[in-house]
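# Fold and contact review
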Amino acid sequence: GTECTSCEAMAGAFASAAGEVATSLGVKAGALDLMSPLGQKLGKRWGIEKVPAFVAFGGRAQVNPYTGKSGRGMAMWNEFNEGFSASGFKRWVSKILPADAVERVDGLSGLAYELPPAVIVTERSTTSALAKSLGVPLVDRLKLVEIGVADAAGLVDEGDKLPALLHVEAGGVVTSKFEGDFKDRAAVLAWLEELALKEPKKKEAKEEKPWAPYDPT
């Protein structure tokens, strides 16, 4: 609203950054006027005391055991020591993506899942924001796991471009491989969606791990 000159000044940069994270990470970002009736109601609910502020929601919905209401993890960013920057916003978005959307495994023994497994073979020691963003929309339909190239003997050949995205069945048999550009999120997600449509093999039911809430620290 007109009460926030900083908000008006950053509007163009925010719109550009929002478009970038939507394309690269599938994260939707929008603006809310806290001077509006709805904005005042939500601002109070979310505990916003100063503007501009960014609030993010994500992960699997959780039921509050005390109120019985369902909600999602929330993270807030409102510290702009040197003003808003598109790069800072994108770093924040990358940081708060659910960490357990992708499971890191140490070897092929970790590939026994009820859901169709897709395997990312990578040289990275940590999971990228892109990989985490791919796992979020496929929860309960496909298991996305990541394995370091040193532990991926038999999955990739010397000289293969990394990261590599594979469909691996029991025994470490590679049945298909994504041949496109891994940075093309839309193409990667389309390949994973097709894989998710395959009928998963029935296995003994396992206790599901809890979905980790956002942790902006």
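The text that follows walks through the structure, step by step, so that each part is easy to find. (Residues numbered from 1 in each chain as written. Predicted model: local features only at pLDDT ≥ 70, side-chain atom pairs only at ≥ 80, totals over all residues. Heavy atoms only, no water.)

### Remarks on the environment of Gly47
One can find Gly47 in the loop between helix H2 (37–46) and strand E1 (54–63). In the structure, Gly47 is positioned 29 residues away from Met76 in sequence and 9.5 Å away in space, judged by C-alpha atoms. (Helix = DSSP H or I, 4+ residues; strand = E, 2+ residues; numbered from the N terminus.)

### Observations regarding the sheet that holds strand E3 (residues 103–105)
In spatial order, the strands read E3-E5-E4-E6-E7; together these 5 strands make up an open sheet with mixed pairing. The open sheet terminates on both sides in strands that have one partner only, identified here as E3 and strand E7 (173–177). Between one strand axis and the next, the sheet turns by 40° as a mean value, whatever way the strands run. Looking at chain direction, strand E4 (residues 117–122) and strand E6 (residues 164–169) are connected through 4 bridges and run antiparallel. Of the residues in E6, the one forming a bridge with Val119 is Leu166. Sitting on the sheet, helix H5 (residues 185–196) is in contact with E4, strand E5 (143–148), E6 and E7, with an inclination near 5° to E6. (Pairing = 2+ DSSP bridges. Axes fitted to C-alpha atoms, helices over the stretch in contact; angles between N-to-C directions. Contact = heavy atoms within 4.5 Å.)

### Quick word on the side chain of Glu146
One can find Glu146 in strand E5. Residue Glu146 is classed as buried on the basis of its relative accessible area, which comes to 1%. A polar atom in the side chain of Glu146 sits 3.0 Å from the side chain of Arg104. Not counting the four nearest positions on each side in its chain, Glu146 is found in contact with Val102, Glu103, Arg104, Val105, Ile120, Thr122, Thr126, Thr127, Ser128 and Ala131. (Buried < 20%, exposed > 50% of the residue type's maximum accessible area, 1.4 Å probe, protein only. Polar contact = N/O pair within 3.5 Å; in protein donor to acceptor, adjacent residues only side chain to side chain.)

### Comments concerning H2
All buried positions along H2 are accounted for by Gly39, Leu42 and Gly43. Summarising the axial view, the buried residues of H2 lie within an arc of 105°, below the 170-degree limit, and thus occupy one face. Opposite the packed face of H2, turned more than 90 degrees from it, sit the exposed residues Pro37, Lys41, Lys44 and Arg45. Once H2 ends, the next one or two residues include Gly47, with phi positive near 75°. (Arc of directions from axis to C-beta.)

### Focus: the pattern of salt bridges
A complete count under the given rule lists 5 salt bridges for this structure. Where Glu103 meets Lys143, a salt bridge forms, and the shortest distance between an N and an O atom there is 3.2 Å. Separated by 40 residues along the polypeptide, Glu103 in strand E3 and Lys143 in strand E5 bring together distant segments of the chain. According to the relative accessible area criterion, Lys143 is partly exposed, its value standing at 25%. (Salt bridge = Lys/Arg side-chain N within 4 Å of Asp/Glu carboxyl O.)

### Looking at the packing of aromatic side chains
The geometry of an aromatic ring pair comes down to the distance between the two centres and the angle between the two planes. All chains considered together, the criterion is met by 12 aromatic pairs. Summarising the aromatic geometry, the rings of Trp46 and Phe57 are spaced 5.3 Å apart at their centres and angled 55° between planes, so their arrangement reads as tilted. Of the two residues, Trp46 sits in helix H2 while Phe57 sits in strand E1, which places them 11 residues apart along the sequence. Residue Trp46 is classed as partly exposed on the basis of its relative accessible area, which comes to 22%. (Phe/Tyr/Trp six-rings, centres within 6.5 Å; stacked < 30°, edge-to-face > 60°.)

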